[in-house]
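# Examining the three-dimensional arrangement
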Amino acid sequence: MTKVPIILIGGGGHCRSCIDVIEQEGRFKILGIVEKKTSKSGKERGSIFDYPVIGSDSDLPLLRERCSHALITIGGIKSQTPRIRIFEQLKKLRFEFPVIKSPLAYISQRSQIGEGSIIMHHSIVNAGACIGSNCILNSKSLIEHDVEIGNNVHLSTGAIINGGSIIGDGSFIGSGAILIQGLNLPAKSFVRAGKLVVAETDYKIYLEN
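These lines cover the structure that appears in this document, whether it is placed above or below. Computed from a prediction, not measured in an experiment: that's the story for all the values here. (Residues numbered from 1 in each chain as written. Predicted model: local features only at pLDDT ≥ 70, side-chain atom pairs only at ≥ 80, totals over all residues. Heavy atoms only, no water.)

### Points about the sheet that holds strand E11 (residues 130-131)
With parallel pairing, the 5 strands of this open sheet are ordered in space as E8-E11-E14-E17-E20. Lying at the two open borders of the sheet, with one neighbouring strand each, are strand E8 (112-113) and strand E20 (184-185). Relative to strand E14 (residues 148-149), E11 is paired through 2 bridges, and the arrangement is parallel. Note that in E14 the partner of Cys-130 across the bridge is Glu-148. (Pairing = 2+ DSSP bridges. Helix = DSSP H or I, 4+ residues; strand = E, 2+ residues; numbered from the N terminus.)

### Some remarks on the sheet that holds strand E5 (residues 70-72)
Backbone-to-backbone hydrogen bonds pair the strands of a sheet. The strands run either parallel or antiparallel. The 5 strands are arranged E3-E4-E2-E1-E5 in an open sheet whose pairing can be described as mixed. With partners counted over all chains shown, the strands left at the sheet margins are strand E3 (47-48) and E5, one partner each. Here 6 bridges tie strand E1 (residues 4-9) to strand E2 (residues 28-34), and the two strands are oriented parallel to one another. Pairing of Ile-7 across the sheet is with Gly-32, part of E2. Sitting on the sheet, helix H1 (residues 13-25) is in contact with E1, E2, E3, strand E4 (51-55) and E5, with an inclination near 165 degrees to E2. Along the sheet face, helix H3 (residues 81-92) touches E1 and E5 and points at about 165 degrees away from the line of E5. (Contact = heavy atoms within 4.5 Å. Axes fitted to C-alpha atoms, helices over the stretch in contact; angles between N-to-C directions.)

Right under this line is the structure:
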């Protein structure tokens, strides 16, 4: 099978996890990673897991001439704004955003997943679930039946979203957090790691515009 070329946007820790999922899935050939050439410590970045750093954000128009597929591989703990900004930038450049699915995940055929989302190792997406675009469903996250997850949402490792719950755009659910059934969290909700959310007041809102 011929692998489809793809570039990754962002070269931090989340990128490393995404690389492993992409390699395991086997559908895409990673051409390189878009990232600042120099790290915060001043160290020069040449490659990440043997994949070359091929440019920064300013090089995206030229990179689009070489490759039509992209995946955003920066995480979104403190804010989803960088992921949203880059997603919109790539959209204007007419990049295509595949859904990346770990072969170790279970994804119901009766679920829906939006473009540019990644379903990581040992996640479960159950029947009737609807996942938006540009989402991260991190390792061992559980999305139960009929859950609705908006765009640009990050579910961290081991998060459990019980049946019929709704999570608004741009939200973050921390590692090991549990949402009981039928909750409706608004856009930009922030649920800390390990939190049991039993009411629609057990969360914070990102304090940003």
